[in-house]
Amino acid sequence: MKRYLIVCVVLLMGITLSAQVKWNSAYQAYIDQYKDLAIAEMLKYDIPASITLAQGLLESGAGRSRLARESNNHFGIKCHDWDGASSKHDDDEVGECFRAYRDVYESFEDHSKFLAGQPRYKSLFKLKKTDYKGWARGLKRCGYATNPSYAKQLICIIELYGLHRYDKASKYDRFIVERSAIKGGAPRPIYACNKNYYVKARPGDTFRSVAAEVGISYKKLAKYNERGRDDTLEPGERVYLKKKQKKAEKAYKGHPHVVQPGESMYSIAQHYGIRLAALYKMNGLSPKLYSIKAGDRLRVR
């Protein structure tokens, strides 16, 4: 199994294994952000969610390619039979025409329509949604990509990250799908934590600036994060997009948090995605009387 994983990494990246950790982090963040959108498309068009995710990861470099960043095109679809917005990028030839989208949701939707509406891909829809290998090989056979190892790359991505588990999904999180449809460019990465989602603040961010990107009232964002609505956020700080839970995830049951130097009750609550008042309450502490110090052990569930 270990040998298989190494072969997949080398096949996918064509780079030294020293970059594997960074690559893995970027891919997982992309999966967390768009898995619900891929499932939504699957339930509408019968295209395996694993295939949609794997193609998005491969074609867009986990959302980091110039085409994805500037044109929201996550699937490398060119301008054939297209009268919408476009952009020029180098691919098989210099300055080729690629489709451009208003948002990531539109890119995923057009990818589904592209496959479902093209006669050459008709045979794929006779396969089961759980047959990701058949879909991967079929896409290469039908001419989706010129890379001779395209099918193998898709299969490697799916199996390395267990994407095939999404092919059996019967529901998705509508909240996260709606965030993918925010107009005005590619949204910042969205991360998952404790049945919630968050984005990371950038230098100079306020709840107003984040709200403009994620399509949520800045007053609600401030309330969800137990902060003043006009606060300036620290770079890297988590900004939750829903009301936080009262307890941490089940994995932390029986595993108290050991306070580290520089941590506050608020930073700990944000780390686990729990409400500050709940953190005090489950530890029998008073916000007015308790003074946090390194080495203290705090229940988080």
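Predicted model, so just to flag it, every value in this text is computed and none were measured.

Draft legend 1. Inspection of the pattern of salt bridges at higher detail. The tally for this structure, following the rule as stated, stands at 16 salt bridges. For K129, the salt bridge is made with D46, and the minimal N-O distance between the two is 3.9 Å. One end of the pair, K129, is in the loop between helix 5 (104-117) and helix 6 (132-141); the other, D46, is in the loop between helix 2 (20-45) and helix 3 (49-60), and 83 residues separate them in sequence. Linking K244 and E226 is a salt bridge whose minimum nitrogen-to-oxygen distance equals 2.6 Å. With K244 in the loop between strand 5 (238-240) and strand 6 (257-258) and E226 in the loop between helix 10 (218-224) and strand 5, this residue pair connects regions lying 18 residues apart in the sequence. The partly exposed category is assigned to E226, whose relative accessible area is 33%. One continuous salt-bridge network, built from bridges that share partners, spans K44, E109 and K113.

Draft legend 2. Focus on helix 9 (residues 207-214). Inspection of helix 9 places F207, V210, A211 and V214 among the buried residues, and these make up the whole buried set. In a view along the axis of helix 9, the buried residues occupy a sector of 105 degrees, so they form one face of it. On its buried side, helix 9 packs onto helix 8 (174-179), strand 4 (196-200), helix 10 and strand 5. Downstream of helix 9 by one or two residues, G215 has phi in the positive range, about 75 degrees.

Draft legend 3. Quick look at the environment of I274. Mapped onto the secondary structure, I274 falls in the loop between helix 11 (265-272) and helix 12 (276-282). Spatially, the C-alpha atoms of I274 and N225 are 9.5 Å apart, while their sequence positions differ by 49 residues.

Draft legend 4. Representation of the side chain of D167 within the structure. By the secondary structure assignment, D167 is in the loop between helix 7 (150-160) and helix 8. Polar side-chain contacts of D167 include one of 3.0 Å to the backbone nitrogen of A49. Discounting chain neighbours no more than four positions away, the residues touching D167 are M42, P48, A49, S50, K129, T130 and Y132.

Draft legend 5. Geometry of the nonpolar core. Counting residues in hydrophobic clusters, the biggest one holds 62 residues, and the most contacted among them are Y144, L163, L221 and L241. Here the element with the most residues in this core is helix 2; it accounts for eleven residues. Leaving out residues up to four positions away in the same chain, L221 has contacts with F207, V210, A211, V214, I216, V239, Y240 and L241. V259, I268, Y290 and V300 belong to the second-largest nonpolar core, a separate cluster that totals 13 residues.

Draft legend 6. Here's a closer look at helix 7. In terms of residue burial, helix 7 counts as a mostly covered element, since eight of its eleven residues are buried. Among the residues making up helix 7, those that are buried are Y150, A151, Q153, L154, I155, C156, I157 and I158. G162, located one to two residues past helix 7, shows a positive phi value of around 60 degrees.

Draft legend 7. Broad picture of a positive patch on the surface. Residues K195, K247, K250, K253 and R299 make up a contiguous surface patch of positive charge. Residue K253 is classed as exposed on the basis of its relative accessible area, which comes to 63%.

Draft legend 8. Seen up close, the side chain of K244. Since its relative accessible area comes to 1%, K244 is described here as buried. Within the structure, K244 has its side chain in polar contact with the backbone oxygen of I274 (distance 3.1 Å). Setting aside anything within four residues of it in sequence, one finds K244 in contact with N196, Y224, E226, Q270, G273, I274, R275 and L276.

About the thresholds
Residues numbered from 1 in each chain as written. Predicted model: local features only at pLDDT ≥ 70, side-chain atom pairs only at ≥ 80, totals over all residues. Heavy atoms only, no water. Salt bridge = Lys/Arg side-chain N within 4 Å of Asp/Glu carboxyl O. Helix = DSSP H or I, 4+ residues; strand = E, 2+ residues; numbered from the N terminus. Buried < 20%, exposed > 50% of the residue type's maximum accessible area, 1.4 Å probe, protein only. Arc of directions from axis to C-beta. Contact = heavy atoms within 4.5 Å. Polar contact = N/O pair within 3.5 Å; in protein donor to acceptor, adjacent residues only side chain to side chain. Core = buried A, V, L, I, M, F, W, Y, C linked by side-chain atoms within 4.5 Å. Patch = residues over 30% accessible without salt bridge, like charges linked within 9 Å, V, L, I, M, F, W, Y side chains within 5 Å. Areas by Shrake-Rupley, 256 points an atom, 1.4 Å probe, with all protein chains shown as cover. Lys, Arg positive; Asp, Glu negative; His and termini not counted. Charge placed at Lys NZ, Arg CZ, Asp CG, Glu CD.

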